[in-house]
Amino acid sequence: MTVTIVGAGYVGLVAAACFAEAGTRVCCVERDPGRLQRLLDGEIPLHEPGLQSLVARNLARGSLRFTADMASAVIGASVVFLAVGTPCGADGSADTTDLLAAARQVGAALTGPAILVTKSTAPVGTHRLIAAVVEAVTDHRVVVVSNPEFLREGHAVSDFLRPERVVIGCTDPQAVRALRALYAPFSPRAIHVMDPASAELAKYAANAMLAARVAMINELAALCEVQGADISSVVEVVGSDSRIGSAFLQPSAGYGGSCLPKDVLALALMGRRAGLRLHLAAATHEANEAHRQRWLQRIRARLADQHEAGLAGCTVAVWGLAFKDGTDDLRHSSVVALVEDLLAHEVTIRAHDPLALEVARAELGDQVSWCTDPLQAIRGADALVIGTEWPGYAAIQIPVLADHLRPGATVFDGRNLLCPDQFADTGLGYLSIGRPDRLPASAERERVCPACS
Ligand SMILES: NC(=O)c1ccc[n+]([C@@H]2O[C@H](COP(=O)([O-])OP(=O)(O)OC[C@H]3O[C@@H](n4cnc5c(N)ncnc54)[C@H](O)[C@@H]3O)[C@@H](O)[C@H]2O)c1
């Protein structure tokens, strides 16, 4: 079978490489000239474990190719996947402009009947819009399928090669058979066949459930901070309930990334447009935003306490800018928003990230000092913000932190990566999510009895 994939981003490039690896001939269309050139030069424009070798092997054996030319890409293709972005529009809805434009280009280039499969996350009813757009530009029979993608960045290749589930939103038996055949080499644990609208909604439902868990545990973490409880103990109990489970219960400075924030907002808006208020989707978004702000306020307040002259002139080291470990993706990263805020308060920022440094430098420029060594970033700094749960950061010993940071400095652990008890007698302060603060002895005295100071 010959397949065309439109879009060589996290989803499109991974899908293209994995289908090619499974023996399908794949042509991947990319409109961004810089990204395309890197791919043609054998470079991978994004980080995903295992992707480089998969792409190289399949390019070499001719089962994968890249082009900007839609017309040549769809010749002979019986299945065309759309894997372009559906970013957050100005009103919070999913912006399907690129998706519909890509569908139109495919339709105009078709030389025969085809199955047009949407991998992009798109609002319920998008399959009908795509069908209409395509019908307007071609006389060939086109079956539109919704096949939402569930891969996780940082695990994208292994998720694609061994999928937990494949969703085929399609009522045409022949198209369903073709999609089943394409995915058969990956032996998905389950293939769910349904109508396209349900498939479209299932993707939003999954992301909204995940986001709601994170927002809920973070809200409980905030309550722990106020009440003197410890969220780790709460999670231990809640997560051990087999009806709840422990996944996605890790307290953090808030969820980010290219999917959860935009998909939760888009779901809320989808409801509003259908005349329904989706209370939980809207509240999940609000709770996450409030939580991100609260963490920023705690950091600002502690820095202002610590530094007599206020925030301006403080030096803050930041470890991790990616929205989670295992990826170089900065989209909607709460750490990037935090860095931008501190920069606006004239804080000096020194940042490290094992993978995302290049992407971060392109986004934030020279206003940040970029460090290739995490210890270089913290040398003499007033504070350290841990933004991403890279395992390498957890492996650094607390005495090493104390040796490098300025005496009395504070560690703000936005991922609860370190253990609060290890900060006793280090002279460092330690603030994390939902666990009691550990402040250096002098600062504790000031808090307990301001009259004595
Ligand atoms: N990133 C994820 O982890 C993930 C997971 C599941 C689903 N999704 C969904 O998949 C979709 C794609 O996400 P992504 O992260 O891969 O996006 P991305 O921005 O990384 O990649 C999209 C690519 O499509 C290209 N493109 C856009 N229009 C094109 C056109 N007409 N012709 C050729 N190329 C075109 C862009 O240049 C870009 O390289 C989104 O709807 C997203 O919500 C993403």
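Cut-offs applied
- Residues numbered from 1 in each chain as written.
- Predicted model: local features only at pLDDT ≥ 70, side-chain atom pairs only at ≥ 80, totals over all residues.
- Heavy atoms only, no water.
- Helix = DSSP H or I, 4+ residues; strand = E, 2+ residues; numbered from the N terminus.
- Buried < 20%, exposed > 50% of the residue type's maximum accessible area, 1.4 Å probe, protein only.
- Contact = heavy atoms within 4.5 Å.
- Areas by Shrake-Rupley, 256 points an atom, 1.4 Å probe, with all protein chains shown as cover.
- Lys, Arg positive; Asp, Glu negative; His and termini not counted.
- Charge placed at Lys NZ, Arg CZ, Asp CG, Glu CD.
- pLDDT = per-residue confidence, 0-100.
- Near = heavy atom within 4 Å.
- Polar contact = N/O pair within 3.5 Å; in protein donor to acceptor, adjacent residues only side chain to side chain.
- Nonpolar A, V, L, I, M, F, W, Y, C, P; charged D, E, K, R; others polar.
- Core = buried A, V, L, I, M, F, W, Y, C linked by side-chain atoms within 4.5 Å.
- Arc of directions from axis to C-beta.
- Pairing = 2+ DSSP bridges.
- Right-handed = clockwise from strand over helix to strand, strands pointing away.

(A) Region of the structure containing the overall build of the protein. Regarding its fold elements, the protein presents 18 helices and 14 strands. Judged by the C-alpha coordinates and their principal axes, the protein covers about 85 × 50 × 35 Å. Put simply, the protein has 453 residues, and 54% of those count as buried. In the protein, 71% of the contacts between residues at least 6 apart in sequence involve partners at least 24 apart. In the form shown here, the protein has an accessible surface area of approximately 19900 Å², with 54% of it arising from carbon and sulfur atoms. A gap of 5 Å separates the mean positions of the 40 positive and 49 negative side-chain charges of the protein.

(B) A look at the confidence of the model for the protein. Looking at the protein, pLDDT values average 95 and 97% of them are 70 or higher. Long-range and interchain partners of residues 445–453, a stretch whose pLDDT sits below 50, account for 4 contacts in this model, where long-range means more than four residues apart.

(C) Spatial organisation of the site of the ligand. Near the ligand there are 27 residues, and of these Val 11, Glu 30, Thr 86, Glu 153 and Lys 262 occur at the shortest range. At 2.9 Å from an oxygen atom of the ligand is found a main-chain nitrogen or oxygen belonging to Val 11. In the environment of the ligand, an oxygen atom lies 2.9 Å from a nitrogen or oxygen atom belonging to the backbone of Thr 121. Among the elements of the structure, helix H1 (10–21) and helix H5 (97–109) are those that each provide at least two residues to the shell around the ligand. Partitioning the shell around the ligand into residue classes produces 10 nonpolar, 8 polar and 9 charged.

(D) Region of the structure containing the nonpolar core. Within the largest apolar cluster, 44 residues are counted, with the highest numbers of intra-cluster contacts made by Ile 5, Leu 13, Phe 19, Leu 51, Phe 81 and Phe 160. Of all the elements, H1 adds the most residues to this core, at 9 residues. Here Phe 81 is in contact with Val 3, Thr 4, Ile 5, Val 6, Phe 19, Val 117, Lys 119, Asn 147, Leu 179, Leu 182 and Tyr 183, once residues within four sequence places are set aside. Counting 39 residues, the second-largest nonpolar core is a separate cluster that includes Ala 253, Val 339, Val 347 and Val 368.

(E) Quick look at helix H6 (residues 126–135). The set of residues buried in H6 consists of Thr 126, His 127, Ile 130, Val 133 and Val 134. Each buried residue of H6 sits inside an arc of 125° when the element is viewed along its axis, so together they form one side. Turned more than 90 degrees off the buried face of H6, the exposed positions are Arg 128 and Glu 135.

(F) Here's a closer look at the pairing of strand E5 (residues 114–118). Summarising burial for E5: 5 of the 5 residues are buried, a large majority. Residues of E5 alternate between two faces, with Ala 114, Leu 116 and Thr 118 on one and Ile 115 and Val 117 on the opposite face, all of them buried. Pairing of strand E4 (residues 79–82) with E5 involves 4 bridges; the strand directions are parallel. Residue pairing for E5: Val 80 is matched across the bridge by Leu 116. You can see the chain leave E4, run along H5 and come back into E5, and the turn it takes is right-handed. Where E5 meets strand E6 (residues 142–146), 5 bridges bridge the pair, whose relative direction is parallel. The partner of Thr 118 across the bridge, within E6, is Ser 146.

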